[in-house]
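# Architecture and fold: a report
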Amino acid sequence: MFLLSHRVQRTIITNSFNTLTRIFKPQELQISFINFRQLTTIKKKKDQDSSQKDSDKKYKPPALGVNPAYDEALKYIYEDKAQKYEEIRLIDIMIEKLMKNRRNEQFDQELNELKKKKYNLQVLAEINDPEVRWNFKNGKIDMSIPVYRHLREKYWRKEPLHKLMQRITQMYVVPDVFPTLLPMIDLEFKFKNDIIEPGVFLFPAQTRKEPIVILNNFHEETLLYTLIMVDPDMPDALNKTYQTEWHWLITNIPLNVTKSDISGGEVILPYIPPHPPKGTKYHRYTLAILEQPNNQKIIIPENMGRVKDVREFMSEYNLTLRGVSFFREVWDEEVSKIYANILGIHEPKYGRHPKVDKYLDETGSKQQKYTNL
């Protein structure tokens with residue numbers, strides 16, 4: 001459903017009220033306006049009830065004996081599923097035997113191959129099941145089940161990832177912030193209720209509080225990650241260039257297929273809201289998730305500054321980029337409040353240097369173009 005701001009909602013109600021005053025007599029106006037408010041309230045309640053019903057929906061399989069073709073297809077699907085699960089049972093026996101003989105030099109390689117084969121069979125056994133397809137389409141996804149993990153990753157690589165790569169390339173997040181990117185994690189974030197698309201413009205008032213970060217990853221084992229949020233477009237007036245300002249840094253975040261939030265991490269740099277200075281162009285606020293080496297915790301000094309090169313940081317701690325997203329902002333009056341009330345520093349303002357008029361003298365008066373000798 002399309003969401004309207006409070007200002008727009010008030011405008012609609014006011015315009016509707018003015019329309020009512022032109023149609024109805026004064027004594028009828030109060031009743032008509034009450035009816036109008038009741039209608040809008042009823043519609044809002046219906047929308048809420050509809051969304052609630054959608055979340056409560058359950059799969060109802062078509063009745064058997066109605067469509068012979070459907071019955072035959074379903075029979076084939078379940079026969080194939082039974083065959084796949086028999087193969088999985090045999091692989092489990094092989095894994096159990098292998099685990100008893102850990103001295104084998106090729107133990108790790110053989111174990112990984114068996115696990116990969118088992119995963120593929122688990123996906124193939126369930127992927128054609130009508131109930132599985134219905135659940136995925138309606139958002140009833142259990143990431144601990146291989147088939148849902150496979151379908152979620154397939155969807156991400158087909159649509160959202162394509163859009164992300166297009167935008168980070170067009171807006172030069174790569175290579176300005178990161179040299180390259182081969183995403184393995186679907187990094188999503190929202191400031192209220194809606195997931196923010198990569199590269200969209202937001203208002204500073206929307207981003208005063210830290211976002212909710214959702215990290216859709218596709219590995220069963222628990223690995224440790226670092227989350228950063230940086231602004232690569234902060235002016236460096238002294239050197240007449242740009243510098244990277246850090247807005248957020250959390251390390252040692254444990255993630256797996258069933259844990260996709262950033263809880264459990266260590267906050268090194270608390271979140272500060274975006275504050276693009278007046279006179280600058282749009283700023284690209286970039287969130288990234290970095291995998292830590294060998295699944296080991298990293299220790300970062302608590303007095304780390306908020307101006308640091310991202311590539312230098314990644315090299316120092318041997319971090320690998322796994323996912324990224326970003327949004328853009330420009331200055332508005334809310335930024336002045338952020339500088340005054342949250343940052344507590346003087347608000348900088350930038351602009352172009354005034355042009356030098358070579359025909360002005362020291363007093364600011366026009367010099368004569370020609371001089372009689």
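The structure we're discussing is the one just above.
The structure contained in this document is the topic of the report that follows. (Residues numbered from 1 in each chain as written. Predicted model: local features only at pLDDT ≥ 70, side-chain atom pairs only at ≥ 80, totals over all residues. Heavy atoms only, no water.)

### What about the packing of aromatic side chains?
Our working definition: Each Phe, Tyr or Trp ring, with Trp reduced to its six-membered ring, pairs with another whose centre is within 6.5 Å; inter-plane angles below 30 degrees give stacked pairs, above 60 give edge-to-face pairs, and intermediate values give tilted ones. The numbering of helices and of strands both runs from the N terminus, where a helix is a DSSP run of H or I of at least 4 residues and a strand a run of E of at least 2. To sort residues, take the accessible area from a 1.4 Å probe on protein chains only and compare it with the maximum for the residue type: under 20% means buried, over 50% means exposed, and anything in between is partly exposed. When the NZ atom of lysine or the CZ atom of arginine is within 6 Å of a ring's centre and also within 35 degrees of its normal, the charge is said to sit over that ring.
All told, the structure shown has ten aromatic pairs when counted by the stated rule. Ring geometry for Phe-189 versus Phe-327: centroids 5.7 Å apart, planes at 45°, classification tilted. On the criterion of sequence distance, the pair formed by Phe-189 in strand S1 (residues 186-190) and Phe-327 in strand S7 (residues 320-329) is long-range, its members being 138 residues apart. Residue classification places Phe-189 among the buried positions, given a relative accessible area of 0%. Taking the relative accessible area as the measure of exposure, Phe-327 reaches 0% and is therefore buried. A cation over an aromatic ring shows up here: Lys-278 above the ring of Trp-331, its NZ or CZ 4.7 Å from the ring centre. Sitting over the ring of Tyr-282, Arg-328 keeps its end group 4.8 Å from the ring centre.

### Quick word on helix H5 (residues 130-137)
To keep things clear, this is the line we draw: Distance and chemistry together define a polar contact, namely a pair of N or O atoms within 3.5 Å, with one atom able to donate a hydrogen and the other to accept it when in protein, and with adjacent residues in sequence counting only for side-chain atoms on both sides.
Measuring from the backbone nitrogen of Glu-131 back to the side-chain oxygen at the start of H5 gives 2.9 Å, which picks out Asp-129 as the cap. Just past H5, the residue Gly-139 takes up positive phi, approximately 75°.

### A few points about the nonpolar core
Selection criterion: In this description, a nonpolar core means a group of buried Ala, Val, Leu, Ile, Met, Phe, Trp, Tyr and Cys residues linked to one another through side-chain atoms lying within 4.5 Å. Residues count as neighbours in contact if any of their non-hydrogen atoms are within 4.5 Å of one another.
Within the largest apolar cluster, 32 residues are counted, with the highest numbers of intra-cluster contacts made by Phe-178, Ile-228, Trp-246, Leu-249 and Phe-313. Taken together, the elements giving at least two residues each to this core come down to helix H7 (160-170), helix H8 (173-176), strand S3 (223-236), strand S4 (241-255), strand S5 (266-269), strand S6 (283-291), helix H9 (310-317) and S7. The biggest single contributor to this core is H9, with four residues. When near neighbours in sequence (up to four residues on either side) are disregarded, Phe-178 contacts Val-173, Ile-228, Thr-286, Ala-288, Val-310, Arg-311, Met-314, Leu-321 and Val-324. One finds Tyr-225, Trp-248, Ile-253 and Leu-255 within the second-largest nonpolar core, a separate group that totals 22 residues.

### Observations regarding unusual backbone geometry
Residues Val-174 and Pro-175 are joined by a peptide bond in cis, for which omega reads 20°. Residue position: Pro-175 is located in helix H8. Located in the positive-phi region is Lys-240, a residue other than glycine, with phi close to 55°. Lys-240 sits in the exposed class, given a relative accessible area of 76%. With a phi angle near 55°, Asn-318 is a residue other than glycine that sits in the positive phi range.

### Let's talk about the side chain of His-247
Its place among the elements puts His-247 in strand S4. Taking the relative accessible area as the measure of exposure, His-247 reaches 0% and is therefore buried. Among the polar contacts listed, one links the side chain of His-247 to the backbone oxygen of Ile-272, at a separation of 3.0 Å. Among all residues touching His-247, those that are not within four sequence positions of it are Met-229, Val-230, Asp-231, Pro-270, Tyr-271, Ile-272, Pro-273, Pro-274, His-275, Tyr-285 and Arg-306.

### Here we look at a nonpolar patch on the surface
This is how it is decided: Exposure above 30% relative accessible area and the absence of a salt bridge qualify a residue for a patch, where like charges join within 9 Å and nonpolar side chains (Val, Leu, Ile, Met, Phe, Trp, Tyr) within 5 Å. To measure how exposed things are, a 1.4 Å probe is used in the Shrake-Rupley method; for residues, cover is taken only from the protein chains shown. Just to be clear on terms, a salt bridge is a Lys or Arg side-chain nitrogen sitting within 4 Å of an Asp or Glu carboxyl oxygen.
Residues Phe-201, Tyr-282 and Val-330 make up a contiguous nonpolar surface patch of about 260 Å² in total accessible area. Tracing the backbone through its elements, the reader meets Tyr-282 in the loop between S5 and S6. Take Tyr-282: its relative accessible area is 34%, and that puts it in the partly exposed class.

### Quick look at the packing of helix H6 (residues 146-158) against H7
Selection rule: Angles shown run from 0 to 180 degrees and are taken between the N-to-C directions of axes, each axis being a line fitted to C-alpha atoms and, for helices, limited to the stretch in contact. Charged means Asp, Glu, Lys or Arg here, nonpolar means Ala, Val, Leu, Ile, Met, Phe, Trp, Tyr, Cys or Pro, and polar covers whatever is left, Gly included.
Interhelical geometry of H6 versus H7 gives an angle of 35° and a closest axis separation of 3 Å. Here Tyr-155, Trp-156, Arg-157 and Lys-158 of H6 come into contact with H7, specifically with Pro-160, Leu-161 and His-162. Grouping the constituent residues of the contact of H6 with H7 by class yields four nonpolar, one polar and two charged.

### Notes on the pattern of salt bridges
Counted under the stated rule, the structure contains 19 salt bridges. The salt bridge involving Glu-188 is made with Arg-152; its shortest N-O contact spans 4.0 Å. Taken together, the residues Glu-188 in strand S1 and Arg-152 in helix H6 connect sequence positions 36 residues apart. Across the pair Lys-308 and Glu-316 runs a salt bridge, and its minimum N-O distance is 3.5 Å. On the accessibility criterion, Glu-316 (48% relative accessible area) is partly exposed. Through salt bridges that share partners, Lys-81, Glu-126 and Asp-129 make up one connected network.

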